[in-house]
Amino acid sequence: MAGRPRSIDRDRVLDAAEGLVAESGAAGLSFEAVARAAGITKSGVQYCFGTKENLIKAMIERWGATFEAEVMAHAGDDRSPRAVIRGHLAATRDSDEADYSRSAAMMTALLQSPDQVAATRLWYTQRLAGLDMAKAEDRGAALAFLAGEGAFLMRAFGLIDLDEGAWQALFADMLALAGGAKERTD
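How each quantity is defined
- Residues numbered from 1 in each chain as written.
- Predicted model: local features only at pLDDT ≥ 70, side-chain atom pairs only at ≥ 80, totals over all residues.
- Heavy atoms only, no water.
- Helix = DSSP H or I, 4+ residues; strand = E, 2+ residues; numbered from the N terminus.
- Buried < 20%, exposed > 50% of the residue type's maximum accessible area, 1.4 Å probe, protein only.
- Contact = heavy atoms within 4.5 Å.
- Areas by Shrake-Rupley, 256 points an atom, 1.4 Å probe, with all protein chains shown as cover.
- Expected span 1.5 Å × (residues − 1).
- Core = buried A, V, L, I, M, F, W, Y, C linked by side-chain atoms within 4.5 Å.
- Salt bridge = Lys/Arg side-chain N within 4 Å of Asp/Glu carboxyl O.

**Q** For this particular structure, what's the right way to read the overall build of the protein?
**A** For the protein, the count of helices and strands is nine helices and zero strands. Counting helices and strands in the order they occur from the N terminus, the protein gives α-α-α-α-α-α-α-α-α. The buried share among the 186 residues of the protein stands at 38%. The contacts in the protein between residues at least 6 apart in sequence include a share of 61% that link residues at least 24 apart. Accessible area for the protein stands at about 10400 Å²; split by element, carbon and sulfur atoms hold 55% of it.

Written out as C-alpha cells, the structure reads:
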C-alpha cells in the first residue's frame, strides 16, 4: 500500500523564502536555498510555486494581504478613500523592525520582476484613485500618504535613523494632514 504524499506547508516555505531574502537579498532567493531553509526538496518548492516569479508573487501577495488587513482594521467602518489612507498611515506608523526588514526584502525582490512592478504601480494608483485632487483635503491626504510611504521605505532601507518619538510625531502630522485628529506628541 502506497503512503499518502506528504503535504507541503506553503506558509512555511514562504517564511523560509522571506528569511532568505531578508538575510541575503534577492540574489539569495533560489529554489534550492528555499528548499534547504524550509527543510523540503527543491522539487517540493517547485511543485508549490512553479517558477521563481510565482514564489516572489506569492511572497508579495501574502505580505500585502496582511498589511491590508491592518489598514482596514485602522480604518474601521469608514471605507472612504481618506479613511483608508489614514488607516494606511496608522498601520505604517505602527510597523516594527520585522516589517521594515520584510518590506526591504520584498521591494528588492519586486524590482527584479517587471510584472510585480506593474502590479505595485496599479496598487498605488488604486490607493489614490478615490481622491479628488481638485479638493485641498484630498490633496493633503495624498501628500500625507506619499510622505508616509517615503518615510517607511527610507527607514526600511536604513537611509534614515529616527527615534520612536520623532517617528510618532511625523506620523501624527501626516495623519492630521490626511484629515485625522492630530495627536499631541510635543
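**Q** Sorry, what's going on with helix H8 (residues 136-156) here?
**A** Owing to its 3.6 residues per turn, the α-helix aligns residues three or four sequence positions apart on the same side. The end-to-end C-alpha distance of H8, which contains 21 residues, comes to 30 Å, matching closely the 30 Å that a straight helix rising 1.5 Å per residue would cover. The set of residues buried in H8 consists of Asp 138, Gly 140, Ala 141, Ala 142, Ala 144, Phe 145, Gly 148, Glu 149, Ala 151, Phe 152, Arg 155 and Ala 156. Backbone geometry just after H8 places Gly 158 at a positive phi near 70 degrees.

**Q** Would you mind showing me how to read the side chain of Asp 138 here?
**A** For Asp 138, the position within the fold is in helix H8. Not counting residues up to four positions away in its chain, the partners in contact with Asp 138 are Arg 82, Gly 130, Leu 131, Asp 132 and Met 133.

**Q** Please clarify how the nonpolar core should be interpreted in this entry.
**A** Where a protein is soluble and globular, its nonpolar side chains tend to be buried together. Within the largest apolar cluster, 21 residues are counted, with the highest numbers of intra-cluster contacts made by Val 13, Leu 29, Val 34, Val 45, Phe 49, Leu 55 and Met 59. Among the elements of the structure, helix H1 (10-24), helix H2 (31-38), helix H3 (42-49) and helix H4 (52-75) are those that each provide at least two residues to this core. Excluding its chain neighbours within four sequence positions, the residues that come into contact with Phe 49 are Arg 10, Val 13, Leu 14, Asn 54, Leu 55 and Ala 58. Judged by nonpolar contacts, the second largest core, of 16 residues, contains Ile 85, Ala 141, Ala 156 and Trp 167.

**Q** Would you explain the pattern of salt bridges in this entry?
**A** Two side chains carrying opposite charge are able to pair once their charged atoms lie near each other. In this structure the tally under the stated criterion is ten salt bridges. Here Arg 155 makes a salt bridge to Glu 164, at a shortest N to O gap of 3.7 Å. Judged by relative accessible area, Glu 164 falls into the partly exposed class, the value being 43%. A network of salt bridges, in which partner residues are shared, links Asp 11, Asp 15, Glu 18 and Arg 62.

**Q** Looking at this structure, how should I read the environment of Met 59?
**A** Among the secondary structure elements, Met 59 is positioned in helix H4. Between the alpha carbons of Met 59 and Asp 15 there is a distance of 8.5 Å; along the sequence they are 44 residues apart.

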